[in-house]
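Chain by chain, the residues:
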Amino acid sequence: MKIDLHDAMATVEDLLNGLRELDGTEIDEAPTRAGHRQRTTLTRTLLYLSHLGDRASCR
């Protein structure tokens, strides 16, 4: 039986790259459009990374 983990490894690499990009990010808590946009982008990115983690655990 051959185990193919290529897809799982690619998913984990995407997850790692996303986490590295976010490392050290400071959140703009100002009630401005730019602050709101940055928080929205950060939230969406974290949700996507969570999805990648779930996907990697199922493979």
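1. Looking at the overall build of the protein chain
Thinking step 1. The secondary structure content of the protein chain amounts to two helices and zero strands.
Thinking step 2. Taken over C-alpha atoms, the radius of gyration comes to 15 Å for the protein chain, far larger than the 10 Å a tight globule of 59 residues would show.
Thinking step 3. Expressed as lengths along the three principal axes of its C-alpha atoms, the size of the protein chain is roughly 55 × 15 × 10 Å.
Thinking step 4. Across the 59 residues of the protein chain, 15% fall into the buried class.
Thinking step 5. Accessible area of the protein chain: about 5100 Å², with a carbon and sulfur share of 54%.
Thinking step 6. Across the protein chain, the centroid of the 8 positively charged side chains sits 7 Å from that of the 10 negatively charged ones.

2. Side note on the environment of Arg-39
Thinking step 1. Here Arg-39 shows up in helix H2 (residues 33-58).
Thinking step 2. The residues contacting Arg-39, other than those within four sequence positions of it, are Ile-27, Asp-28, Glu-29 and Ala-30.

3. Side note on the side chain of Thr-11
Thinking step 1. Within the element layout of this structure, Thr-11 appears in helix H1 (residues 6-22).
Thinking step 2. A polar contact is formed between the side chain of Thr-11 and the side chain of Arg-55, at a distance of 3.4 Å.

Reading the values: rules and limits
- Residues numbered from 1 in each chain as written.
- Predicted model: local features only at pLDDT ≥ 70, side-chain atom pairs only at ≥ 80, totals over all residues.
- Heavy atoms only, no water.
- Helix = DSSP H or I, 4+ residues; strand = E, 2+ residues; numbered from the N terminus.
- Rg over C-alpha atoms; globule rule 2.2 N^0.38 Å.
- Buried < 20%, exposed > 50% of the residue type's maximum accessible area, 1.4 Å probe, protein only.
- Areas by Shrake-Rupley, 256 points an atom, 1.4 Å probe, with all protein chains shown as cover.
- Lys, Arg positive; Asp, Glu negative; His and termini not counted.
- Charge placed at Lys NZ, Arg CZ, Asp CG, Glu CD.
- Contact = heavy atoms within 4.5 Å.
- Polar contact = N/O pair within 3.5 Å; in protein donor to acceptor, adjacent residues only side chain to side chain.

Shape is all these values report; function is a separate question.
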